[in-house]
Structure formats: structure tokens, C-alpha cells
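# Geometric and topological summary
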Number of protein chains: 2
Amino acid sequence: MTPYIDQNKDRFLSELFDLLKIPSVSTDVEYQPDIKKAAAFIAHQLNEIGADKVEICQTAGNPVVYGEKIIDPKLPTVMVYGHYDVQPADPIELWDSPPFEPTIKNGNIYARGASDDKGQMYMHIKAFESMMKNNTLTCNVKFMIEGEEEIGSVNLGDFIKERKADLSADVILISDTGMISLDTPSITVGLRGLSYMEVELTGPNRDLHSGMYGGAVQNPLNALTEVIASLKDKDGHITIPGFYDKVEIISDADRAKMAKAPFDLEAYKAALDLEKEFGEKGYSTNERTSIRPTLDVNGLWGGYTGEGAKTVIPSKAYAKISMRLVPHQTWEEISELFTKHIESIVPDGIRVKVTTHHGGMPVVIPTNSVEFEAANAAYAEAFGKEPIPVRSGGSIPIVALFKEELGLDSVMMGFGLDSDAIHSPNEKFGIANFLKGIETIELFYKHYALLKK
Amino acid sequence: MTPYIDQNKDRFLSELFDLLKIPSVSTDVEYQPDIKKAAAFIAHQLNEIGADKVEICQTAGNPVVYGEKIIDPKLPTVMVYGHYDVQPADPIELWDSPPFEPTIKNGNIYARGASDDKGQMYMHIKAFESMMKNNTLTCNVKFMIEGEEEIGSVNLGDFIKERKADLSADVILISDTGMISLDTPSITVGLRGLSYMEVELTGPNRDLHSGMYGGAVQNPLNALTEVIASLKDKDGHITIPGFYDKVEIISDADRAKMAKAPFDLEAYKAALDLEKEFGEKGYSTNERTSIRPTLDVNGLWGGYTGEGAKTVIPSKAYAKISMRLVPHQTWEEISELFTKHIESIVPDGIRVKVTTHHGGMPVVIPTNSVEFEAANAAYAEAFGKEPIPVRSGGSIPIVALFKEELGLDSVMMGFGLDSDAIHSPNEKFGIANFLKGIETIELFYKHYALLKK
């Protein structure tokens, strides 16, 4: 740890706590005032540290916070991307401490957004502060912190297109992923894409008494189970026609190389209380969460879901279903294949409406670039060992957009752990990870400037 | 209509409205104060009219309101059964007028409980009033109005066993079913039984990020769809082993007789916006809702069900599933077969908990009894034509209990219509049905006393 980080770490945490206390949930309009509050908080911080042109940029949705420090136009420019919005906290009753009252326990910060992404994004702001205060900033830096990552970055594309001129840079730096452990650092070099869909089935035109009508009316809840159950075969393959057509085939040699990453299946199962391994036939657990696409129901509802019993055949049944994608699937095509397939298999007597929520492209990052080399060197110096390149199962749809619109590669220096429970109750982020992250980020700037010379 | 009903009908309606305004929903503890209020309302009414021994009888659950008028121990005794509890009003947004603010439109009363069963139960109280005021009561009468019918009458069995001595009678009279129409009166002579179950599936021990874990973890929502979808085959037969073993086989001759009841399939489909007929292969729509058992999902939930998108693999998935039963299935056995079957088919990696909510036995009423004959004569006099005996698809579990514990047959004089939307938004009850019901009930007492002489 650098002396500056050591001397200021309590303040860093206290500031982060103030940010974590703001329930900036983007998926629910109820939290709009908190979205604004979180954006203002970031802008205020950037201003305080000495960033220029700090602006809360309005979009058609939640604002993007921008700020920059151009110390010399001839130096390389790092653009930091992160997000201040968070996932909903529910099921709230499963939290051991309130999701928006950050709590320290066993060296971890427990709060919604602790790891995803407020805590990780804030490492960049504090690394920037440290370099500013110590006169060690070796690159220009731009911040682009958005508020819609958890709802698919729906307006960031337009923002980038409109502000292209301001957003020139040499590399995008993102901390919104994980690492294997503090003992085994890793860098994310692949992300799955995402296609997030919603299905609404309608049976009879009103809710019916299941005694009087049961047996003679197609129940949309029963129909929904049939539709969804048919989307995978007994080997875990997805049955949507054309779904696998463009999936990248990884060579046996590459699969063998990936299999060397440290992974303890027994510990994985124990951590989640899983009886046995699960997934698509012919692939390992790590492959199933990285190089293979998936289909998961994320939400299912309809009929009476309260206490006790109600004998109803509802008019409507709903599901939220998402598919994780791999190169070279495109989310638009998969969303369309999904829609057509669902429409074709819905049973007689049921009307169907399929909606695309949002999507994102799968990404694979080149490991032979200056950017990757700089990150590699930063980790090696901070951790005393080289990081392992891994493909993550998650999605950061915006990475593909950065490449497409700005021509920039991203470096994903994530410091979260699998056990951080992001998107779950009791999300956490290790204080050691937070501080180590700040240190490693500073080292990235150092090595990147050296390598770009 | 009798002169007394005609002169007092506005007051009858106004009183009924006061009762309908009380949201006495039994399935949700939140409404406990309203349950008490509704019970007190009934007790007050019985007292006012001149019933004796009026008592709000406490049980382990919601109270039973009792009251009686013994005019002569030598005369036959009619026991009126009804219920003051109602189904929840949700989905509340689909109501055209507030569910607990009764509204008259096109000759109908719109309110939760208008038909099931406050409106129908109240006909008996007003028929009693009419006979008391006009000195035309020809039988002794006992009232037993409970508050747990919509949650399976869970404590009425104990109540009956404890108070057996007070509950002696000659017949049970119930208005909690429907009729074909005001032009085609009918009497319910069969009810399906009910087995209401809840299934909880558990996958991983916490909610997971669907990107990081998707593909390697058994998702309980996906698993739930597989489990439920497998419960019926493509012909609509239920696949639970042993499910049909005790189902009564109705002779072709009896089926032919039943098929003569007036039924307009096109009108039925049009009323519900159904594209085509649906149900178990080899049976007609009327058979599917009367002489055949069913399995329907009444509620399904898990994961993120709010606005927008959340990429979660939840730890838990839930379903409420009920089966309607026919003679000679028993609900205890069916609940057990269901539980065992679900436990046996749950996929690897999923833990399951199956709970029995409540059940009720199927019932067939003899049509060659004095009771039935009296009802028949009452309808014939009130409507000018003989009623058609029909089997209803609904369940009144208590009817089997009355037979078993008190040795009494029930006469089900229901005046609701299929279009009443009981258990649904915009439940209604025709004012004409309400008034005709009072008239017919009075005539039942007259004919019953004559026939029992």
C-alpha cells in the first residue's frame, strides 16, 4: 500500500459509505431522486479533486457524469468507465444488514453496490486523487460514469455518438468485474453478451374461478411452464432454432489452456450448497459460465402469490428470460430468434407478447496489446505475481459499443470476488480489495505511460 | 316477487352494501379486523330479525356466527350454511369500480363477495326476516355462517364436532353456487373436491448473478417450469401415478343425459375470448368442468418480478397448484400422491418442499330425496319451470363434512351466474337474482314443511 492510501484510507471508506447510502436503483422509477443524488455526489468528488469540465450530462434517461484532467495533449489518455446505479435490493428480507446502510464485518463492506459498481468505480476516483495530490499522474484522464448500466446502458450509445469529439482517448479502463482471489490476481479478457426478454401470455380475458372453469380453459400459467420447459433439452442444450449457429468453436488446445486456471469445484459447490455439478453436457463448469451461451429465467409471475390460497385461473402469466451470449452471436439476432420461436410454440388458446428489454454484445479482449501489457505489469508489481487472463460469464454491453463507436479497447481490471454476491442479498466488497485496487490502478497509469512512450 | 320483498328491496340492498363494504378477506391476516366486523354485522342482523341464541362462536381461526329460531320442536329444522369471508380483490387494477365500494350498473351489484357469498348468504337472512314479519315461517331454522370458506373451512370441522348437539337439523340449505340463467333455473347436485398444494423449490443457497453463474447452476425457476409442465401429457391427462385410479366412470347413458343440459359453446368461448375449445381429450367442455378432475397452477412466482430487468438466478421458486377432484377421489390421498410425485421428479440439484394448504371431498347429491323435491317445487313455483339438476365444477368442501359429521344432506340452491366473475375482478351479482333468490328460498320452507308432514 502506498503511504498516501494508508494515511487516507479511513476517509476513502467514509466517502464511499456516503455514496453507498444512496439507493440509486435504476430499474425502478421510484428511485429517480436518488439517481440524481448519486450523480451529483460523483460530480462533486471529481470537482474537489481537481478534474476539469465536470458535468452532469443529461440523457434521455439517467445522467452521465463526465470530468477530465488533460495534463499534456501529447500524453496518452485513459478513459475511466464505471456506473453509479445499482441493482434492486430485493429480496430485502434476506439481507443481514440494511442494503443501504453500509456495514463492515470481517473486513468486508456489506451494501448494495459495494462491489457492483460503486466500490470498484470509486477506486478510480481515489487513485486519481492520489496521483493528483502526489504529482504522479502520468496520463491524461477522462471519467465517464453512467447511471443505467444495470438496465442495459440504454442511453449511453446516444451519449457517446453525440459527444464523440470530447471522448477521444487511447484506452478504456473499467473495474466492474472480478478476480480469482487476492492471492491469484486475474484480468477479465472476455465477457458474454446478453439478450434480456419478457414474455406475456394471455389466456381467458379475465381471471376465472378454477373450480367453475378448471379443465376447460387453457391456463396461461400452465402454458408458460410448458413453453419455458421446452426451451432446453435433457442435455441442457437450448432448443431455439439457429441459437448455436454462430457460436465460436473453441479449439481443444485453447480449452486445455483455459482448464489450467485454478478452480476448486468442491469449494464452488459447497459455497452455493449445490449437490452436484450442473449444466450443458460436454462442458466443464468454467466453460459453462464463459465460452457457452445460456438461457435463464430471471423472473416468473402470475396468479395469486400472496399468503394462503386463491383458486384462480389468471388471465395473464409473465416471465423475464435472459440469454448470455458468446462470440459471434449478436444480441439483436438472438432476440429475434427467441421471439419467433416463442410465438411459434405457444399452445392453442394462448396469446403471446414478447418484448426485448435490452441486449449487449459478447466481447473478447486481445491480450497482445500495450493496454493489456500495462495492466499485466501493474498487477505483477502490486501482487507480486502475474495475473491470469480469464473469460467472465457476465456482460458489460458497453464494451462492444466502445470498440464500435470510439475504436477503443477496454481493459477490465476487476477486483471483486465471486463471493461478493453482486445482484444478491448481502452484496459485499473486501476493504483489502478496495485498497489493493486503488494501488493497482495507479500502477496501470505508470506502466501505460512508460509503454506508450 | 312477494309484496314484502317488493316494499323492502331498497333497504335489503342498502344493508347488503354495508356488508359488502367490509373487506373480510380470510386469506390475509391484514384483514383480521374486517373479519371480526363482518361477523359482528351478521350477528347484529340475526338479532334484529328475532333469531335466538345468536352467538359469535370463536374457533382456532375466524369465528362462526350462529343463530336459531325454534318455533316448534316437532317441525322440521333447516340449517342455513353460508360464509361472510371473501377472496382477495387482487389484481385490484383490473376492477372498473373499487371492490369494496359496491356499485350498481346494468342491474348488477359490483363488489367482491357480491355473489360469493355475501349476496347469496344474505338472501337467506332476508328470507328469514320476511317469514318472521309475515308469520309464514313453517320450519325451525338455524344459521351457521362461517368466515373461512375461502381458505378451506379449516376450523369448521372442529366447530361442528364440538357443537354437534346444538346443530341437529333435517337438512342443510346453501346458496353458494350458480344457476344456468334466470330463464333456465338449475340446482347443483354435484361438486368437485379440491386439493390445494404449494411447492417451493430451492436451488443455490442465495440469489446469484445470472452472468457469473448462468449455465453452471440449476435455476429453480427453470426447474419449476419443467416440473409443472410434466404434470400433464399432450392429451391433457394428469401424469401423477394413481391420480385416476378412483375416478368414477360415468356411463355413456348418463353422459348422454348430461349432454342435454342447455349449453352454448360459442357463447362460452366468446365470453372468455377463447379461440377454441380446450381440455382433456375425449370429453366435452361441460364434462371437463364437472365429472373430470383437473390440475391448475393458481400462482407462480420467483426471481425479479418488478419493473425493468434484473439478471438474477434466484435461490427459490414457488407455485400454488390445485387439483379439482371427482367421486371417488379423496383429497388426502391425492395430496399425498401429488407430494410423492413432485418429490420424485424434481431435477438434480434442487431441493423441494411440498405443503398441503387444504382440501375438500367431491360430493354428489341424491335427487330422489324429500329435500331435493322441496327445492324442485320451490323453483318450479318461483320460476314457472322445473330446475335442471347440474354438476358444478367448484368445491364446497364442507358439504362432505356435513354428511359425515351430522348425517345431513345439503340442498344447493345457488342463484349466481357463470358471468358473475367470482374470485375475479369485477365480481357481480344480479339484483334480480338476489330478489328471486329470497322468494325461492321462502318457497323452499313452505314446500319442505308440506312434504315432511
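Residues numbered from 1 in each chain as written. Chains lettered and ligands numbered in written order. Predicted model: local features only at pLDDT ≥ 70, side-chain atom pairs only at ≥ 80, totals over all residues. Heavy atoms only, no water.

### Some details on the sheet that holds strand β18 (residues 428-430) of chain A
Residue and element names in this part refer to chain A. Formally: One requirement defines pairing of two strands: DSSP has to find at least two bridges between them. Per the convention used, a helix needs a DSSP run of H or I reaching at least four residues, while a strand needs a run of E reaching at least two, with both numbered from the N terminus. Axes here refer to lines fitted to C-alpha atoms; in helices the fit is confined to the stretch in contact. Angles between the N-to-C directions go from 0 to 180 degrees.
Strand order in the open sheet made by the three strands is β4-β5-β18, with antiparallel pairing throughout. Strands with a single pairing partner mark the edges of an open sheet, and in this sheet they are β4 (103-105) and β18. Taking the axes of each pair of neighbouring strands and ignoring which way they run, one obtains an average angle of 30° across the sheet. When strand β5 (residues 108-110) meets β18, the two strands line up antiparallel, connected through three bridges. Directly across from asparagine 108, in β18, lies its bridge partner glycine 430.

### Considerations on helix α6 (residues 220-229) of chain B
Residue and element names in this part refer to chain B. Where we set the bar: Using a 1.4 Å probe on the protein chains alone, a residue whose accessible area is under 20% of its type maximum counts as buried, one over 50% counts as exposed, and one in between counts as partly exposed. Two N or O atoms form a polar contact when they lie within 3.5 Å of each other; inside protein one atom must be a possible hydrogen donor and the other a possible acceptor, and for residues adjacent in sequence the pair counts only when both atoms belong to side chains.
The buried fraction of α6 amounts to nine of the ten residues, a majority that puts the element mostly inside the structure. Listed in full, the buried residues belonging to α6 are Pro220, Leu221, Asn222, Ala223, Leu224, Thr225, Val227, Ile228 and Ala229. The residue sitting at the N-terminus of α6 and contributing the capping side-chain oxygen is asparagine 219; that oxygen lies 2.8 Å from the backbone nitrogen of leucine 221.

### Regarding helix α12 (residues 398-406) of chain B
All names here are of chain B. Along α12, seven of the nine residues are buried, which leaves the element largely enclosed by surrounding structure. When we look at burial in α12, the residues that qualify are Ile398, Val399, Ala400, Leu401, Phe402, Glu405 and Leu406. Looking at the residues trailing α12, positive phi occurs at glycine 407, about 70°.

### Remarks on the packing of helix α2 (residues 32-49) of chain A against helix α3 (residues 118-133) of chain A
All names here are of chain A. Applied cut-off: For classification purposes, angles smaller than 35 degrees are called roughly parallel, those larger than 145 roughly antiparallel, those between 65 and 115 roughly perpendicular, and all remaining angles oblique. Helix crossings get a hand from a simple test, with the near helix turned counterclockwise from the far one by less than a right angle marking a left-handed crossing and a clockwise turn marking a right-handed one. In what follows, residue pairs with any heavy atoms lying within 4.5 Å of each other are defined as contacts. Classes in brief: Ala, Val, Leu, Ile, Met, Phe, Trp, Tyr, Cys and Pro nonpolar; Asp, Glu, Lys and Arg charged; the others, Gly included, polar.
The geometry of α2 relative to α3 is characterised by a closest axis approach of 10 Å and an angle of 15° between their N-to-C directions. By the criterion of interaxial angle, the relationship of α2 to α3 is roughly parallel. Like other packed secondary-structure pairs, α2 and α3 cross with a definite hand, here left-handed. Facing Phe41, Ile42, Gln45, Leu46 and Ile49 of α2, the residues of α3 in contact are Met121, Tyr122, Ile125, Lys126, Phe128, Glu129 and Met132. Residue classes in the contact of α2 with α3 are distributed as nine nonpolar, one polar and two charged.

### Examining the interface of chain B and chain A
The cut-off we apply is this: Reported buried area values correspond to the accessible surface (1.4 Å probe) lost by two parts on association, with both partners' losses combined. Salt bridge, as used here, is a side-chain nitrogen of Lys or Arg placed within 4 Å of a carboxyl oxygen of Asp or Glu.
With 87 residues of chain B at the contact, the number on the chain A side is 87 residues. Interface area lost by chain B to chain A is led by B:Phe278, B:Leu300 and B:Lys310, which between them contribute 9%. One can count two salt bridges joining chain B with chain A. A:Lys276 is paired through a salt bridge with B:Asp348; the nearest N and O atoms lie 3.2 Å apart. The interface formed by chain B and chain A contains 44 residue pairs in polar contact (both at pLDDT 80 or more). By residue number, the principal contributor to the side of chain B that touches chain A is strand β11 (residues 296-303) of chain B, which donates eight residues.

### Quick look at the packing of aromatic side chains
As a reminder of what qualifies: Note on ring pairs: Phe, Tyr and Trp rings are taken, using the six-membered ring of Trp, and paired if centres are within 6.5 Å. Classes follow the plane angle, with under 30 degrees stacked, over 60 edge-to-face and the rest tilted.
Counted by the stated rule, this structure contains 26 aromatic pairs over all chains. Between the aromatic rings of A:Tyr268 and B:Tyr213, the centroid separation amounts to 6.0 Å while the plane-to-plane angle is 35°, which identifies the pairing as tilted. Note that A:Tyr268 is positioned in helix α8 (residues 265-272) and B:Tyr213 in helix α5 (residues 210-213), a pairing that runs across two chains. According to the relative accessible area criterion, B:Tyr213 is buried, its value standing at 5%. Here the aromatic rings of A:Trp301 and A:Tyr318 are separated by 5.1 Å at their centres, their planes lie at 10°, and the arrangement is stacked.

### What to know about the environment of A:Phe263
Residues and elements named next belong to chain A. With respect to the helices and strands, the residue phenylalanine 263 is situated in the loop between α7 (252-258) and α8. When its relative accessible area of 36% is taken as the criterion, phenylalanine 263 is described as partly exposed. As a C-alpha pair, phenylalanine 263 and asparagine 286 span 23 residues in sequence and 8.1 Å in three-dimensional space. Apart from the residues lying within four places of it in its own chain, the contact partners of phenylalanine 263 are Tyr268, Thr285 and Asn286.

### Quick look at the domain arrangement of chain A
It is common to give the size of an interface as the accessible area lost on bringing the parts into contact. All names here are of chain A. To keep things clear, this is the line we draw: The source of the domain bounds is an automatic or database domain assignment.
Split by domain assignment, chain A resolves into domain 1 (3-191 + 362-452), domain 2 (194-248 + 291-360) and domain 3 (250-286). The largest share of the area that domain 2 buries against domain 3 comes from Asp235, Ile291 and Arg292, three residues that together contribute 66% of it. Viewed at the interface, domain 3 and domain 2 are joined by two salt bridges. A salt bridge links glutamate 280 to arginine 292; its shortest N-O distance comes to 2.8 Å. The interface formed by domain 2 and domain 3 holds four residue pairs in polar contact (both at pLDDT 80 or more) in total. The class makeup of the residues in the side of domain 2 that touches domain 3 is two nonpolar, two polar and three charged.

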